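Remarks on the overall topology
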There are 2 protein chains.
Amino acid sequence: MALIVQKYGGTSMGSPERIKNVARRVAKFRAQGHQVVVVVSAMSGETNRLVALARELSKAPDPRELDVVVSTGEQVSIGLLVLALQDIGVAAKSYTGGQVKILTDNAFGKARILGIDEAAIRRDLAEDKVVVVAGFQGVDADGNITTLGRGGSDTTGVALAAALKADECQIYTDVDGVYTTDPRIVPEARRLDVITFEEMLEMASLGSKVLQIRSVEFAGKYKVKLRVLSSFEEESQGTLITVEENRNMEQPVISGIAFNRDEAKITVLGVPDQPGIACQILGPVAEANIDVDMIIQNAGRDGTADFSFTVSRNDLDKTVNVLDRVKAVIGAKAIEADKNLCKVSVVGVGMHSHPGVAARMFRALSEEGINIRMISTSEIKISVAIDEKYLELAVRVLHKAFDLDRPAL
Amino acid sequence: MALIVQKYGGTSMGSPERIKNVARRVAKFRAQGHQVVVVVSAMSGETNRLVALARELSKAPDPRELDVVVSTGEQVSIGLLVLALQDIGVAAKSYTGGQVKILTDNAFGKARILGIDEAAIRRDLAEDKVVVVAGFQGVDADGNITTLGRGGSDTTGVALAAALKADECQIYTDVDGVYTTDPRIVPEARRLDVITFEEMLEMASLGSKVLQIRSVEFAGKYKVKLRVLSSFEEESQGTLITVEENRNMEQPVISGIAFNRDEAKITVLGVPDQPGIACQILGPVAEANIDVDMIIQNAGRDGTADFSFTVSRNDLDKTVNVLDRVKAVIGAKAIEADKNLCKVSVVGVGMHSHPGVAARMFRALSEEGINIRMISTSEIKISVAIDEKYLELAVRVLHKAFDLDRPAL
């Protein structure tokens, strides 16, 4: 018998019929003798509907009151799922975040969990009940309702699993796990049975959006075994996200190919090649709330340097405006912008003990005539910026070059 | 400066535009220097939508979980109204029933208020905030969410006014007060400036459905000054519901003409004229959960009696079935049913010191050839059952006979 925390997202809870499906799945785990705590999101579309209502009454809604309104979406879901469970003979009880209670700070709309009182849940589990908890919400020390921000239900699930020392936290979504890359680009892409937290963070932030990053960090910190599963496919075991020591020794070097469209590159030409120049360029950019990703500085022969970095394409115009204003101060000759880039990355914890990964990656791209515009590396990933038109080709080539289409051992 | 509790129903809160209207009205009272606590219902249609969702998942929804789902309607309303108030510069804060807290028993779906902790509300009022409280809901001693039953928001308003010792509890509806009778039948019907709690109870239970009966009882018990007003007409002072001593000495004898369609009369013929027969007949009817209204027993000359009573027309068939089963046991000769009746009542606390009221009523009806089928009386009302086809005529005749179309002194 295991204690399992299951989280179902808005799509899984999208209609009475789907809620009944969730109830049946929960019942199956109960029938196998497991204790189950379920965390649910609002029915799909509901949060958007509530936010839109609030915005009709206030252009800049007070965050405390917005949380009062928005948190009702999950409250409806918990009641409905318990009714569906009871209807098929499964004893169950619902809890709002405040009823649990899930104590948070008072940063309305993006609250952080400070602690969870799991006593009441344990009592219900001991009475053989399924416990259904509202995701995304908590309560501050003064009893105000708070929400954790979009996708916060994943975090609720992981935090509950940590507090209850659950054997596993299962996140049900509309995909059945984490893939070696996007199957829409590479039909041979395989579902990974296991991935480490660190790899998952790289895959998520690079565009494979399956889980809220915060919940993965949280799971890593508290060593919660996290599994991503499809709520629509019964058979798949999904992908287990775990710490490295749980992995197979024969794990392949690379776990997957991540990518991100909509990159733009900015080059500040002919700046004085002297200490502090990076700070002079990126300081104003950061002050304008623009996220910078890859950064390169090339020293030239004439005592000047070219300084390049990438931003999201949406931020390109804003970034150019900021730099045009400081161009004279930093002594730059010109600002160049290139908006048709993308980023492709190979990710794998195995690579730090396999020095040949970068070489293999660059050779594969060069054989297809794909020019690398920028390179950046970390312990577990190598990213290149390339022309966007080569994105699909590069992903396919790299997927093959690292044998990702072959089943793992 | 007065402390006013205002309650706005679902129609008043029916759309963002209407919520803005409510906010403007509240702001007007604030601008006059009053402290305002607002109680709101769910947006019209919302409670029905939520109940329908719950019924899709369970034919007999668990009352605890149904309350979790249904109580979200008022929670959305409080947040939206506070946003609307803040948007026009009025400091405001929302409270769910649990946050107040409004302590109830655990009779989910029809909970009774046991106590109200008004400390937090007083603190906010002292800080010049408008306090917006969710109607219809509370929390039991174990922290479970409860609801007070349909129309319970009126009760929340009155209970808060009692707890806060408010100067007045204003109930905003889609009518601008209590009328001498239904203006759709008698165009000359006048709005009453004042009515006593007792009269209001008779008027409400007899069909002039303006306020939830329970909230009127509550207001009478705790001597809360209750005022019914229209949320759409700014000018009207509505009707004040108060204890008798607050009334004008020259108050007319009769306050209004109430009526109820859809009455049905059942006569049990030829039962033995002996003690206990009423109980033998009405016991099985009560067990079948059928409400009985007027009751008459006529002794005949042959040692038998005819026993008549009225029920709601919807319950007629059910009642006849019940009596057919026990007919032999009680020794009745026959069961007769008459489904085309209505009830018309004159109501007024003044009548107990004016013995001529009944005579004036019966004369007025007889002059129009309206046959009285049953009569029942109380301290402050006289009701007659008549053929339904005479309902409008009887109401008009009585309204005129008691000079209700003339302005009060």
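Note that the structure is predicted; figures quoted are calculated from it, not measured.

**Points about the overall build of chain A**
For chain A, the helix and strand inventory stands at 13 helices and 18 strands. Principal-axis analysis of the C-alpha atoms gives chain A an extent of 80 × 55 × 30 Å. The proportion of buried residues among the 409 residues of chain A is 47%. Within chain A, contacts between residues at least 6 apart in sequence are counted, and of these 74% link residues at least 24 apart.

**Considering the packing of helix H7 (residues 152-164) of chain A against helix H9 (residues 213-221) of chain A**
Residues and elements named next belong to chain A. Their axes nearest at 8 Å, the elements H7 and H9 cross at an angle of 10 degrees. Classified by the angle between their axes, H7 and H9 sit roughly parallel to one another. Within the contact between the two elements, H7 uses Asp 154, Thr 155, Val 158 and Ala 159 and H9 uses Arg 214, Ser 215, Phe 218 and Ala 219. The residue inventory of the contact of H7 with H9, partitioned by class, reads four nonpolar, two polar and two charged.

**Quick look at the relation of the copies chain B and chain A**
For the match of chain B to chain A, the screw axis carries a shift of 0.0 Å, the RMSD comes to 0.3 Å, and the turn is 179 degrees. Each copy turns onto its partner about a two-fold axis. Among all C-alpha atoms of chain B, that of Thr72(B) lies closest to the rotation axis, at 2.8 Å. Looking at chain B, 100% of its interface residues are interface residues in chain A too, so the copies touch through the same face.

**As for the domain arrangement of chain A**
Looking at the assigned domains, one finds that chain A contains domain 1 (3-174) and domain 2 (257-401). Each of domain 1 of chain A and domain 2 of chain A was reduced to a C-alpha centroid, and the two centroids are 40 Å apart.

**So, the nonpolar core**
Counting residues in hydrophobic clusters, the biggest one holds 236 residues, and the most contacted among them are Leu81(A), Val38(B), Leu81(B), Val132(B) and Val133(B). Sequence-distant contacts of Leu81(A), defined by excluding residues within four places in its chain, comprise Ile19(A), Val22(A), Ala23(A), Val38(A), Val40(A) and Val132(A).

**As for the interface of chain B and chain A**
The interface of chain B with chain A comprises 29 residues on the first partner and 29 residues on the second. Elements that contribute at least two residues to the side of chain B that touches chain A include exactly helix H1 (16-31), helix H2 (46-57), helix H3 (63-70) and helix H4 (72-87) of chain B. With eleven residues, the single largest contributor to the side of chain B that touches chain A is H4(B). Grouping the constituent residues of the side of chain B that touches chain A by class yields 16 nonpolar, eight polar and five charged.

**Looking at the sheet that holds strand E18 (residues 381-387) of chain B**
Residue and element names in this part refer to chain B. Reading across from one edge, E14-E15-E13-E16-E18-E17 is the order of the six strands in this open sheet, with antiparallel pairing throughout. At either margin of the open sheet sits one strand with a lone partner, and together these are strand E14 (292-299) and strand E17 (372-378). Across the sheet, the mean angle from the axis of one strand to that of its neighbour is 30 degrees, orientation sign disregarded. Sitting on the sheet, helix H11 (residues 316-330) touches strand E13 (256-272), strand E15 (304-312) and strand E16 (334-347), and the angle it makes with E16 is about 125 degrees.

**So, the environment of Ile372(B)**
Residue and element names in this part refer to chain B. In this structure, Ile 372 sits in strand E17. With 29 residues separating them along the chain, Ile 372 and Lys 343 place their C-alpha atoms 9.9 Å apart. In this structure, Ile 372 is in contact with Phe 362, Leu 365, Val 384 and Ile 386, ignoring residues within four places of it in sequence.

**Describing the environment of Leu125(A)**
Residues and elements named next belong to chain A. Within the element layout of this structure, Leu 125 appears in helix H6 (residues 119-126). C-alpha of Leu 125 to C-alpha of Pro 355: the two residues are 230 residues apart in sequence and 50 Å apart in space. Apart from the residues lying within four places of it in its own chain, the contact partners of Leu 125 are Gln 35 and Val 131.

**Description of the confidence of the model for chain A**
Of all residues in chain A, 96% attain a pLDDT of 70 or more, and the chain-wide mean is 90. Among the prediction metrics, the complex's ipTM stands at 0.79, with pTM recorded as 0.81.

**Details of the sheet that holds strand E6 (residues 130-134) of chain A**
Remark on secondary structure: sheet strands pair via backbone hydrogen bonds, oriented parallel or antiparallel. All names here are of chain A. Taken in spatial order, the eight strands line up as E3-E6-E2-E1-E9-E11-E12-E10 in an open sheet, and their pairing is mixed. Strands with a single pairing partner mark the edges of an open sheet, and in this sheet they are strand E3 (92-95) and strand E10 (194-196). Each strand of the sheet is rotated relative to its neighbour by a mean of 20 degrees, with strand direction disregarded. When strand E1 (residues 3-8) meets strand E2 (residues 35-40), the two strands line up parallel, connected through six bridges. Each bridged residue has a counterpart across the sheet, and for Val 5 the counterpart in E2 is Val 37. Each of E1, E2 and E6 is contacted by helix H1 (residues 16-31), which is oriented at about 155 degrees to E2, the strand it contacts most.

**Considerations on H1(B)**
The end-to-end C-alpha distance of H1(B), which contains 16 residues, comes to 22 Å, matching closely the 22 Å that a straight helix rising 1.5 Å per residue would cover. Looking at the buried positions of H1(B), the neighbouring elements they touch are helix H2 (46-57) of chain A together with strand E1 (3-8), strand E2 (35-40), H4 and strand E6 (130-134) of chain B. Note on H1(B): the residue one or two positions beyond its end, Gly33(B), has a positive phi of about 95 degrees.

**Observations concerning unusual backbone geometry**
Glycine aside, residues mostly have negative phi angles, and peptide bonds mostly take the trans form. The linkage connecting Val100(A) with the following residue, Lys101(A), adopts the cis geometry, with an omega of -5 degrees. Topologically, Lys101(A) is positioned in the loop between helix H5 (97-100) and strand E4 (102-104). Phi is positive for Asn289(A), close to 65 degrees, though the residue is something other than glycine. Structurally, Asn289(A) can be placed in the loop between helix H10 (277-287) and strand E14 (292-299). A positive phi angle is found at Asp403(B), which is not glycine, with a value near 55 degrees. For Asp403(B), a count of 13 C-beta atoms within 10 Å translates into the label partly exposed.

**Examining the environment of Ala107(A)**
Its place among the elements puts Ala107(A) in the loop between E4 and strand E5 (113-116). Taking the C-alpha atoms as reference points, Ala107(A) and Leu201(A), 94 residues apart in sequence, are found 24 Å from one another.

**Regarding the pairing of strand E11 (residues 226-230) of chain B**
All names here are of chain B. Inspection of the sheet shows strand E9 (residues 168-173) paired to E11 by five bridges, in the parallel sense. Note on E11: the bridge partner recorded for Ile 171 is Val 228. In the sheet, E11 pairs with strand E12 (residues 239-242) via three bridges, with the strands oriented antiparallel. Note on E12: the bridge partner recorded for Arg 227 is Leu 240.

**Quick word on helix H3 (residues 63-70) of chain A**
Of all eight residues making up H3(A), six are buried, and the element is well covered by its neighbours. Every buried residue belonging to H3(A) is among Glu65(A), Leu66(A), Asp67(A), Val68(A), Val69(A) and Val70(A), and all of these are buried.

**Here's the deal with the packing of helix H12 (residues 357-367) of chain A against helix H13 (residues 391-401) of chain A**
Residues and elements named next belong to chain A. Here H12 crosses H13 at 130 degrees, and the two axes come no closer than 9 Å. Relative to H13, H12 is oriented oblique. You can see that H12 and H13 cross each other, and the crossing is right-handed. From H12, Arg 360, Met 361, Ala 364 and Leu 365 reach across to H13, where they touch Ala 394, Val 397, Leu 398 and Ala 401. A per-class count over the contact of H12 with H13 returns seven nonpolar, no polar and one charged.

What counts and how
- Residues numbered from 1 in each chain as written.
- Chains lettered and ligands numbered in written order.
- Predicted model: local features only at pLDDT ≥ 70, side-chain atom pairs only at ≥ 80, totals over all residues.
- Helix = DSSP H or I, 4+ residues; strand = E, 2+ residues; numbered from the N terminus.
- Buried ≥ 20, exposed ≤ 12 C-beta atoms within 10 Å, placed from the backbone.
- Contact = placed C-beta atoms within 7 Å.
- Axes fitted to C-alpha atoms, helices over the stretch in contact; angles between N-to-C directions.
- Parallel < 35°, antiparallel > 145°, perpendicular 65-115°, else oblique.
- Nonpolar A, V, L, I, M, F, W, Y, C, P; charged D, E, K, R; others polar.
- Least-squares fit on C-alpha atoms with pLDDT ≥ 70 in both.
- Domains from an automatic or database assignment.
- Core = buried A, V, L, I, M, F, W, Y, C linked by C-beta atoms within 7 Å.
- Pairing = 2+ DSSP bridges.
- pLDDT = per-residue confidence, 0-100.
- Expected span 1.5 Å × (residues − 1).
- Left-handed = near helix turned anticlockwise from the far one by under 90°.

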